[in-house]
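Read off the chains here:
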Amino acid sequence: DASFDLRVAEFFKSLLIEFGERVEHSSSRIGRQSRRILEEQDRLAAGGTLFTQFYVNGSVCSPSRCALMTGQYPARHRIHGHYADPAQNTARGMSQWLDPKVPNVAAVLRSAGYATAHFGKWHLASDYDYAPGRPMDPESQGFNEVFVTRKPSPHADPERDPHHIDALTDRAIAYCTRRHDRPFL
């Protein structure tokens, strides 16, 4: 509904969505960065509206990201598990990526004049080899600025920042504090 899209864009000056899964504070590095992130979140929230309740429509990353992006049940888009390799997705009756023709929050807000950015794990496609311009990548889904990371190996040393917390935190803070000539997501 186009009128809904415009009402949302008029309501929010800027919108920050933090979406994490299995947030852990087991290492000192993650603990330090978590405090830094929390301080910045508190600063941003003090000047806006903070929504603290959200129920995700999937138990794993790909369907939960689909629900957040589209506002629809992920099964509608044949995303009912995490994206794996194309053969596994086909065997499970899944799509290979979220169709960029599906309306989503980033595309709607970008069309309403917002600057949009995605920093972190994407996982709305089976292919981790991010390259701008492909239909399965964030730029095709409405994001102007993109920094994609991958899920680390289960054996990665948490002290070496395998989740790229430093880079994600720095980029997100820089983006949110940059002077924008328009509202942002």
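Just so we're clear, the structure is a prediction, and the values are computed from it rather than from any experiment.

## Quick look at the nonpolar core
In terms of nonpolar packing, the biggest core is built from 12 residues, these being Cys66, Met69, Ile79, Tyr83, Met94, Leu98, Val102, Ala106, Trp122, Leu124, Phe143 and Val146. Once residues within four sequence positions are removed from consideration, valine 102 is found in contact with Thr70, Gln72 and His77. Of all hydrophobic cores here, the second largest spans five residues; its members include Ala115, Ala117, Tyr175 and Cys176.

## Here we look at the side chain of aspartate 137
Examined against the element boundaries, aspartate 137 turns out to sit in the loop between β1 (117-121) and β2 (145-149). You can call aspartate 137 buried: its relative accessible area is 2%. At 2.8 Å, the side chain of aspartate 137 forms a polar contact with the side chain of arginine 134. When residues no more than four places from it in sequence are discounted, the contact partners of aspartate 137 are Trp122, Tyr130, Ala131 and Pro132.

## Description of helix α6 (residues 165-177)
One turn of the α-helix equals 3.6 residues, which is why residues spaced by three or four share an orientation. Under the 1.5 Å per step criterion, the end-to-end length of α6 is 18 Å for 13 residues, consistent within 8% with the ideal 18 Å. Taken residue by residue, α6 has Ile165, Leu168, Thr169, Ile173, Tyr175 and Cys176 as its buried positions. The buried residues of α6 occupy an angular sector of 165° when projected down its axis, which confines them to one face.

## Description of the environment of serine 14
Within the secondary structure, serine 14 sits in the loop between α1 (2-11) and α2 (28-46). In this structure the C-alpha to C-alpha distance between serine 14 and tyrosine 114, which are 100 residues apart in sequence, comes to 7.9 Å. Leave out the neighbours within four places in its chain, and serine 14 touches Tyr114, Pro183 and Phe184.

## Describing unusual backbone geometry
Although it is not a glycine, arginine 78 sits at a positive phi angle of roughly 60°. Inspection of the secondary structure assignment puts arginine 78 in the loop between α3 (61-70) and α4 (86-91). What makes arginine 78 partly exposed here is its relative accessible area of 47%. Phi at histidine 123 takes a positive value of approximately 50°, unusual for a residue other than glycine. Take histidine 123: it is sitting in the loop between β1 and β2.

## With respect to the side chain of serine 126
Here serine 126 shows up in the loop between β1 and β2. Given a relative accessible area of 16%, serine 126 falls into the buried group. If we ignore the near neighbours within four places in the chain, the residues touching serine 126 are Tyr83, Ala84, Asp85, Pro86, Asn89 and Gln96.

## Some thoughts on α3
Burial analysis of α3 places nine of its 10 residues in the buried class, which makes it a mostly covered element. Of the residues making up α3, those classed as buried are Cys61, Ser62, Pro63, Ser64, Arg65, Cys66, Ala67, Met69 and Thr70. Buried positions along α3 lie against α5 (105-111) and β1. A positive backbone phi angle near 75° is found at glycine 71, which sits one or two residues after α3.

## Some points on the confidence of the model for the chain
With 77% of its residues at a pLDDT of 70 or more, the chain shows a mean pLDDT of 78. When mean pLDDT is compared element by element in the chain, α4 scores highest at 95, while α1 scores lowest at 50. Low confidence marks residues 23-30, where pLDDT is under 50. Its contacts with residues over four positions away, or in another chain, come to 12 contacts.

## Some remarks on the packing of aromatic side chains
Counted according to the given criterion, the structure contains two aromatic pairs. Aromatic pair phenylalanine 119 and tyrosine 175: ring centres 5.7 Å apart, planes at 75°, arrangement edge-to-face. In this pair, phenylalanine 119 sits in strand β1 while tyrosine 175 sits in helix α6, placing the two residues 56 residues apart along the sequence. Taking relative accessible area as the criterion, tyrosine 175 reaches 3% and is therefore assigned buried.

Criteria and cut-off values
- Residues numbered from 1 in each chain as written.
- Predicted model: local features only at pLDDT ≥ 70, side-chain atom pairs only at ≥ 80, totals over all residues.
- Heavy atoms only, no water.
- Core = buried A, V, L, I, M, F, W, Y, C linked by side-chain atoms within 4.5 Å.
- Buried < 20%, exposed > 50% of the residue type's maximum accessible area, 1.4 Å probe, protein only.
- Contact = heavy atoms within 4.5 Å.
- Helix = DSSP H or I, 4+ residues; strand = E, 2+ residues; numbered from the N terminus.
- Polar contact = N/O pair within 3.5 Å; in protein donor to acceptor, adjacent residues only side chain to side chain.
- Expected span 1.5 Å × (residues − 1).
- Arc of directions from axis to C-beta.
- pLDDT = per-residue confidence, 0-100.
- Phe/Tyr/Trp six-rings, centres within 6.5 Å; stacked < 30°, edge-to-face > 60°.

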